[in-house]
Amino acid sequence: MAPAYCLRIFWARMRRRIRFLRHFQRMWPRFFQTRELRFIPPASEVARGRNVRLKGFRRRALDRAPVSARALMDATTLADPMADDAELEVNLLEFLLKSFSFGRVAAVDGVEYAVFHRTETESEMQFRPRLVTLQVVVPKSWVVYELAADLLLIARDGRTPGHRSTGSALEEAAEKTEFDEQGVRWRKTTLARGSVVYVPLELADALLAAPGRAALGLT
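Basis of the calculations
Residues numbered from 1 in each chain as written. Predicted model: local features only at pLDDT ≥ 70, side-chain atom pairs only at ≥ 80, totals over all residues. Heavy atoms only, no water. Core = buried A, V, L, I, M, F, W, Y, C linked by side-chain atoms within 4.5 Å. Buried < 20%, exposed > 50% of the residue type's maximum accessible area, 1.4 Å probe, protein only. Helix = DSSP H or I, 4+ residues; strand = E, 2+ residues; numbered from the N terminus. Contact = heavy atoms within 4.5 Å. Salt bridge = Lys/Arg side-chain N within 4 Å of Asp/Glu carboxyl O.

Draft legend 1. Region of the structure containing the nonpolar core. Counting residues in each nonpolar core, the largest one holds 23 residues, and the members touching the most others are Phe95, Phe116, Trp186 and Tyr198. Taken together, the elements giving at least two residues each to this core come down to β1 (93-95), β2 (98-108), β3 (111-121), β4 (131-139), β5 (143-146), β6 (151-154), β8 (184-192) and β9 (195-200). Ranked by the residues each element gives to this core, the list is headed by β4, at four residues. The contact partners of Phe95, leaving out residues within four places of it in the chain, are Phe100, Val136, Ile154, Phe179, Glu181, Gln182, Trp186 and Tyr198. Counting 13 residues, the second-largest nonpolar core is a separate cluster that includes Val115, Leu191, Val197 and Leu216.

Draft legend 2. Here's a closer look at the pattern of salt bridges. Here the structure, examined in full by the defined rule, presents 10 salt bridges. Glu202 is paired through a salt bridge with Arg156; the nearest N and O atoms lie 2.5 Å apart. Separated by 46 residues along the polypeptide, Glu202 in the loop between β9 and α7 (204-208) and Arg156 in the loop between β6 and β7 (178-181) bring together distant segments of the chain. Take Arg156: its relative accessible area is 41%, and that puts it in the partly exposed class. Residue Asp180 pairs with Arg185 through a salt bridge whose shortest N-O separation is 3.2 Å. For Asp180, a relative accessible area of 54% corresponds to the exposed category. Using a relative accessible area of 35% as the deciding quantity, one classes Arg185 as partly exposed. A single salt-bridge network, built from bridges that share partners, covers Lys98, Arg118, Glu120 and Glu175.

Right under this line is the structure:
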């Protein structure tokens, strides 16, 4: 077999295993929480400067480490919520009460953007509804992984997700051209029939210009 084909099979199997672990984690969260608390203190405890007791080899290694190394190891216990590439690959982004899959990362003017996508049917009012591709373009540094919800969310500051929509999801045709979602003002643009993109309003001019669209792969 070709190496590229073998690599695709390997990653497909890995994604299935990761999804199974996510499912197991949702069914028995206390099991995972207990294991995490044995080695990693809660961020709230570290932030308050309390003397957290760690168990196992990590506590012994931290005690033997020099002062500078201890400070570095303690700093790593403060979890960075910003999603890395692996978390983008296996998790879904919640946007407008809908789930979007990760597509790719692209750079525009030196800034990395994550592109998410989903496919849904046009309004049922249509005689022959077509499939519509929806894409969300958001700075990669704004995407965070929320463990409690097991979802990717949007946080303008890179740490605290904004307020999420409530109620029920709307059909794309019923959505407004400009709206607020998770603390960000968004613009919805129809690129062509069956292709819609959502971009932050403050970045819309740069992202929807011809060079930005080409770099993001928007059609």
